[in-house]
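# Structure assessment
What follows is each chain in one-letter form.
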2 protein chains.
Amino acid sequence: MGILILMATQRTDPLALEVVELIGTVVARYHAEYEQAAAEHALTGAQARVLGLLSMEPIPMRRMAQKLKCEPSNVTGIVDRLEARGLVERRPDPSDRRVKLAAATQEGRSTARRLRESLDFAREPLAQLTEVERAVLRDLLRRMLGEETAEPPSAAGS
Amino acid sequence: MGILILMATQRTDPLALEVVELIGTVVARYHAEYEQAAAEHALTGAQARVLGLLSMEPIPMRRMAQKLKCEPSNVTGIVDRLEARGLVERRPDPSDRRVKLAAATQEGRSTARRLRESLDFAREPLAQLTEVERAVLRDLLRRMLGEETAEPPSAAGS
DNA sequence: CCTGAATATTTGAGATTGTCAAGTATTGGG
DNA sequence: CCCAATACTTGACAATCTCAAATATTCAGG
């Protein structure tokens, strides 16, 4: 019997396939809503993502590239465009003159806040679920993602 | 009590926020794996998505644009590149000479199949869950997404 | 102190994705 | 037959992304 179960979960398990399909739908929906919310603030998806990160704290260009999993030269362009619109500024890093800190301006932070509020992926789909169901969903997603959800320690070098 | 529950689910509900956060993580993970799997077959994400759809059945350019939620002229370019690599071909539609059907070639279908197999978002994260848990997750995702997920059934409803 | 490797950022070239407007071919109703 | 609608392509342009090369700065050794 063990072999049968293994084979069933290994390949063409209809349940797993359906879950993957559903997750694909969630991903598509999430993306569409994010792009639309960004567009309503005259931002592209990439710009909204960067601005969202910078609204929390100033970040060196290099680290931003790591967070976005892209080349640093790409971040240069995105920050350029945000800076040209007064949403972001570059500051020197006092402790290392090679580093430039990208930081949201006052206007950038308020744009980021409005963006977050208009991003109601939370409300609409989750409203279908009861409190208990949401807790179950949270636990299942946690287990699915494993423990690595936590931030990697920023103090120690990677 | 009703008012309290309403307020709690309306704004800054920590449970809903955490679920949204987790979904964001799932989205990021899914995307990263998809792009990587595509890249391993020398495809971009957009090309992989189109090829995946075409591996099922030929589709008019117009409908492809609707599925991808983009302009038809964009599909032209993506299919151009896939066609230049012999993965896709354009066929006339016998019933309407305005229409061009994009169809995967033999090689295109086999590439799409290998791509699907290497896309193991299914196996790794879902392996953490038991059969029952996966079923619960499926039902919660279905409810969350509403009924619109289902294909218009030809025979019985879902 | 000086040299050289390593690091942080930018610049420039080029590919891809995406939009929009305009052009061509075909369909179908009046 | 005519004309609006439809399907697709083309061309121009912006944004995102990668890669290689250039610049500035740090830091470790001699």
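Computed from a predicted model, the values in this text were never measured in an experiment.

### Observations concerning the environment of Val136 of chain A
- Examined against the element boundaries, Val136 of chain A turns out to sit in helix α8 (residues 131–145).
- Classification of Val136 of chain A as partly exposed rests on a relative accessible area of 33%.

### What to know about helix α6 (residues 106–118) of chain A
All names here are of chain A.
- For α6, built from 13 residues, the straight-helix expectation of 18 Å at 1.5 Å per residue is met to within 8% by its first-to-last C-alpha distance of 19 Å.
- Along α6, the residues that are buried comprise Gly108, Thr111, Ala112 and Leu115. Along the axis of α6, the buried residues cluster in a sector spanning 100°; they form a single face.
- Buried residues along α6 sit against α2 (14–40), α3 (45–54) and β3 (96–104).

### Some remarks on the packing of aromatic side chains
All names here are of chain A.
- As enumerated under the stated definition, the model contains 2 aromatic pairs over all chains in all.
- Centroid distance Tyr30 to Tyr34: 6.5 Å. Interplanar angle 10°. Geometry classified as stacked. Taken together, the residues Tyr30 and Tyr34, both in helix α2 and 4 residues apart, mark about one turn of the helix.
- You can call Tyr34 buried: its relative accessible area is 18%.

### What to know about the protein's contact with DNA strand C
- In the neighbourhood of DNA strand C, 22 residues make up the surrounding shell, with Arg62 and Arg90 of chain A together with Thr44, Ser73 and Arg81 of chain B lying closest.
- At a separation of 2.6 Å, a phosphate oxygen of DNA strand C approaches a polar side-chain atom of Arg90 of chain A.
- If you tally residues by element for the surface near DNA strand C, the top one is helix α5 (residues 72–84) of chain B, at 4 residues.
- A per-class count over the surface near DNA strand C returns 7 nonpolar, 6 polar and 9 charged.

### Let's talk about the nonpolar core
- Ranked by internal contacts, the top residues of the largest apolar core, which has 54 residues, are Leu137 of chain A together with Leu137 of chain B.
- Per element, the largest residue contribution to this core is 12 residues, and it comes from helix α2 (residues 14–40) of chain B.
- Ranked by size, the runner-up nonpolar core spans 22 residues in total, among them Ala38, Leu54, Met64 and Ala112 of chain A.

### Section: the relation of the copies chain B and chain A
- Take chain B, turn it by 180°, move it 0.1 Å along the axis, and it overlays chain A with an RMSD of 0.2 Å. Taken together, these values place the two copies in the relation of a two-fold axis. If distances are taken from each C-alpha of chain B to the rotation axis, the shortest is found for Val27 of chain B, at 2.7 Å.
- Interface overlap between copies is the fraction of interface residues in one copy that are interface residues in the other; for chain B against chain A it reaches 98%, indicating a shared surface.

### Observations concerning the protein's contact with DNA strand D
- Neighbouring DNA strand D are 22 residues, the closest being Thr44, Ser73 and Arg81 of chain A together with Arg62 and Arg90 of chain B.
- A distance of 2.4 Å separates a phosphate oxygen of DNA strand D from a polar atom in the side chain of Thr44 of chain A.
- For DNA strand D, a base oxygen lies 3.0 Å from a polar atom in the side chain of Arg98 of chain B.
- Elements represented by at least two residues in the surface near DNA strand D include exactly α3, α5 (72–84) and β3 of chain A together with α4 (61–68) and α5 of chain B.
- Per-element accounting of the surface near DNA strand D gives the leading share, 4 residues, to α5 of chain A.
- Split by residue class, the surface near DNA strand D holds 7 nonpolar, 6 polar and 9 charged.

What counts, and at which threshold
Residues numbered from 1 in each chain as written. Chains lettered and ligands numbered in written order. Predicted model: local features only at pLDDT ≥ 70, side-chain atom pairs only at ≥ 80, totals over all residues. Heavy atoms only, no water. Helix = DSSP H or I, 4+ residues; strand = E, 2+ residues; numbered from the N terminus. Buried < 20%, exposed > 50% of the residue type's maximum accessible area, 1.4 Å probe, protein only. Expected span 1.5 Å × (residues − 1). Arc of directions from axis to C-beta. Contact = heavy atoms within 4.5 Å. Phe/Tyr/Trp six-rings, centres within 6.5 Å; stacked < 30°, edge-to-face > 60°. Near = heavy atom within 4 Å. Polar contact = N/O pair within 3.5 Å; in protein donor to acceptor, adjacent residues only side chain to side chain. Nonpolar A, V, L, I, M, F, W, Y, C, P; charged D, E, K, R; others polar. Core = buried A, V, L, I, M, F, W, Y, C linked by side-chain atoms within 4.5 Å. Least-squares fit on C-alpha atoms with pLDDT ≥ 70 in both.

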